[in-house]
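# Residue-level structure breakdown
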Amino acid sequence: MARGARSLRGALGTYAAVAAAAVVVLAVVLWIGGPQPARARVRLPADGPWDGAVLDGGLGQLSVRPGEPLSVPPGHYRVTLLGPEGRARQLELDLPAGETVLPR
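Report on the accompanying structure. Keep in mind that this is a model prediction, so the values were computed, not measured. (Residues numbered from 1 in each chain as written. Predicted model: local features only at pLDDT ≥ 70, side-chain atom pairs only at ≥ 80, totals over all residues. Heavy atoms only, no water.)

With that settled, the discussion passes to the overall build of the protein chain. For the protein chain, the count of helices and strands is 1 helix and 7 strands. For the protein chain, the N- to C-terminal ordering of α and β elements is α-β-β-β-β-β-β-β. Taken over the C-alpha trace, the protein chain has a radius of gyration of 26 Å; the compact-globule value for 104 residues is 13 Å, which it surpasses by more than 25%. Dimensions of the protein chain, computed from the C-alpha atoms along their principal axes, are close to 90 × 20 × 15 Å. (Helix = DSSP H or I, 4+ residues; strand = E, 2+ residues; numbered from the N terminus. Rg over C-alpha atoms; globule rule 2.2 N^0.38 Å.)

Attention now goes to the nonpolar core. Counting 15 residues, the largest nonpolar core has Leu55, Val72, Val79 and Leu81 as the members making the most contacts within it. Elements that contribute at least two residues to this core include exactly β1 (40-43), β2 (52-56), β4 (70-72), β5 (75-82) and β6 (88-95). (Core = buried A, V, L, I, M, F, W, Y, C linked by side-chain atoms within 4.5 Å. Buried < 20%, exposed > 50% of the residue type's maximum accessible area, 1.4 Å probe, protein only.)

Moving on to the packing of aromatic side chains. The geometry of two aromatic rings is summed up by the distance between their centres and the angle between their planes. One pass over the structure, following the stated rule, counts 0 aromatic pairs. A cation over an aromatic ring shows up here: Arg87 above the ring of Trp50, its NZ or CZ 4.5 Å from the ring centre. (Phe/Tyr/Trp six-rings, centres within 6.5 Å; stacked < 30°, edge-to-face > 60°. Lys NZ or Arg CZ within 6 Å of the ring centre and 35° of its normal.)

Take a look at the structure:
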């Protein structure tokens, strides 16, 4: 066998081993979950006028109760504040990472 053919075959084996190792590392990272972005914590004051709130991020609705913080991914949300006697107020908020206290 010619000398160039032997080195090409060895190089392809090295590339195949590196590709297989990269696939294994990627599979492990995806299985573990990888790094998670910082979460947004939403809180409704316990002594506020609202009985609850509903957050709608487009994928589903989440309920917030007064005094109980809720962790959600940062992003754009439609918020409906629910008050006594059927009173409601709608807001659109961009929730950053960190804590956000819903308005009174």
